[in-house]
There are 2 protein chains.
Amino acid sequence: MTETRERVLDAAERLFAERGYTATSLRSIVASAGVNLAAIHYHFHSKEALLEAVVIRRAGPANRERLLLLEKCKMAARSKTPTLEKLLEAFLTPTFRAVQDSGEAVQFMRLVARIHAEGYLLPAIAKAHFGEVMASYTEAFLKALPHLTADEFRWRAHLATGAVAQALRPPEWLDGEAQAYKPIATEAVLQRLIGFLSAGFRVPMKNTKSRGAKCSVAS
Amino acid sequence: MTETRERVLDAAERLFAERGYTATSLRSIVASAGVNLAAIHYHFHSKEALLEAVVIRRAGPANRERLLLLEKCKMAARSKTPTLEKLLEAFLTPTFRAVQDSGEAVQFMRLVARIHAEGYLLPAIAKAHFGEVMASYTEAFLKALPHLTADEFRWRAHLATGAVAQALRPPEWLDGEAQAYKPIATEAVLQRLIGFLSAGFRVPMKNTKSRGAKCSVAS
DNA sequence: GTCTATAACTTGATAGAC
DNA sequence: GTCTATCAAGTTATAGAC
């Protein structure tokens, strides 16, 4: 049965999301999926390939939708460039909306947020499957942010990435139960995130000096 | 020799920062520190206690300085409440400045950013050692942000935490060498971060509705 | 395609000599 | 305080029967 494959993918997605990649053993996955250990090596070659399969299953469709939404934004804005808020929403919606549409995909966002910090894993996977999307959106963002140099935009996008990842994480002030089972990335969180980020991107440049917020000790 | 203790702490700090907690074995730590495996269990009880010791060594002084800087801010602002930027700088400076002052502490910030996402580890440690600082600063932040409810502030602080953690991570567009050895949290990054976050905190409430950035497909 | 069995190795932790 | 030696458990991965 190729249904076994799906069961493994589902279990792996959930466990990777909850515990991270290195902390999740293949044995815990097969136990959760109710399949055999050898099956995981039959369908996927290795643990790392399994992670890649998990990511691709969700990221593939999501990225296709991102490109579609970007085109829609450009159309809607006619000759003008789309607003920053619209671009952010188009980029983030496929991730956030998955929660409400299909209960299955809930865990995936947490996986991304979780694996995001595990560094050495995603670079290989990300560059292979997110390249086109990132290039298209970067171009659009730069047009919507004419006051930023490409370098400054890269830095702010870097900061924004962290905020997005954090938005996909269950807030620590929710108790364990809620953290584990409730979908946290709702429409409200998405809108909050868009407002937060767009304000950050819109800040004028040259806060290198003169931002008179010195408060330091003598030392 | 109690110098062994320090060697272990230094090595653990560096390796935890680079690879994360679960991915770092005690054996790799003793190899890097040039000490014996048993020594690590003699000086610290367990791997988890070692992590806690690593965190406390840096976070203790940093948190004391945070409280000091907060008082200085309040003094400088006289009857009025300190500005958001000054509060952010007071809170973030002890972390960021450590890079420039002592080369030793460079790794620690990355450790925090790295462990930050490993979830179940920091809650126990953080609540034990950051409680007072968080309470004092939350109070000050809420006064500086009268347009936000406590709940809304908590959400935005959640997002901001992610951005801070990301600022402490080496940007992926720097090549491997630079990622590994160059201090990335410079004064410039700190100022960028302060500008980015303060703008996000200042956004008016009620972007729950009416933020007319709909760009969704029919679906 | 799925299973059992097992190889080959790494992990955190400890006992006990010195 | 520091060492060697070792334990018990857990890890990924594979070979081979069915």
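A. Region of the structure containing the overall build of chain A. Tallying secondary structure elements over chain A gives eleven helices and zero strands in all. When its helices and strands are written in sequence order, chain A yields α-α-α-α-α-α-α-α-α-α-α. For chain A, contacts bridging at least 24 residues in sequence account for 75% of all contacts bridging at least 6. If you sum the accessible surface of chain A, you get close to 10600 Å²; carbon and sulfur atoms cover 58% of it.

B. Local environment of the nonpolar core. With 68 residues, the main nonpolar core has Leu193(A), Leu197(A), Phe201(A), Leu193(B), Leu197(B) and Phe201(B) as its most contacted residues. Not counting residues up to four positions away in its chain, the partners in contact with Phe201(B) are Phe196(A), Leu84(B), Leu88(B), Leu145(B), His147(B), Leu148(B), Phe153(B), Arg156(B), Ala157(B) and Ala160(B). In terms of nonpolar packing, the next biggest core, distinct from the first, is built from 26 residues, Ala17(B), Ala33(B), Phe44(B) and Ile125(B) among them.

C. Spotlight on the environment of Val133(B). Residues and elements named next belong to chain B. When you line up the elements, Val-133 lands in helix H8 (residues 131-144). By relative accessible area, Val-133 is classed as buried at 3%. Beyond its immediate stretch of four places on either side in the chain, Val-133 contacts Asn-63, Arg-66, Leu-67 and Phe-91.

D. Quick look at the pattern of salt bridges. According to the stated counting rule, one finds 21 salt bridges over all chains in the structure shown. Of the charged contacts in the structure, one is a salt bridge between Arg57(B) and Glu6(B), with a shortest N-O distance of 3.1 Å. Taken together, the residues span a long stretch of sequence, with Arg57(B) in helix H4 (residues 47-76) and Glu6(B) in helix H1 (residues 3-19) at a distance of 51 residues. Relative accessible area serves as the criterion here: at 36%, Glu6(B) is assigned to the partly exposed category. Connected through shared salt-bridge partners, Glu6(A), Asp10(A), Glu13(A), Arg57(A) and Arg58(A) make up one network.

E. Geometry of the packing of aromatic side chains. Residue and element names in this part refer to chain A. Inspection of every chain in the model, using the stated rule, returns 14 aromatic pairs over all chains. A cation over an aromatic ring shows up here: Lys-47 above the ring of Tyr-21, its NZ or CZ 4.6 Å from the ring centre. In this structure, Arg-66 packs its charged tip against the face of Phe-91, placed 4.9 Å from the ring centre.

Criteria and cut-off values
Residues numbered from 1 in each chain as written. Chains lettered and ligands numbered in written order. Predicted model: local features only at pLDDT ≥ 70, side-chain atom pairs only at ≥ 80, totals over all residues. Heavy atoms only, no water. Helix = DSSP H or I, 4+ residues; strand = E, 2+ residues; numbered from the N terminus. Contact = heavy atoms within 4.5 Å. Areas by Shrake-Rupley, 256 points an atom, 1.4 Å probe, with all protein chains shown as cover. Core = buried A, V, L, I, M, F, W, Y, C linked by side-chain atoms within 4.5 Å. Buried < 20%, exposed > 50% of the residue type's maximum accessible area, 1.4 Å probe, protein only. Salt bridge = Lys/Arg side-chain N within 4 Å of Asp/Glu carboxyl O. Phe/Tyr/Trp six-rings, centres within 6.5 Å; stacked < 30°, edge-to-face > 60°. Lys NZ or Arg CZ within 6 Å of the ring centre and 35° of its normal.

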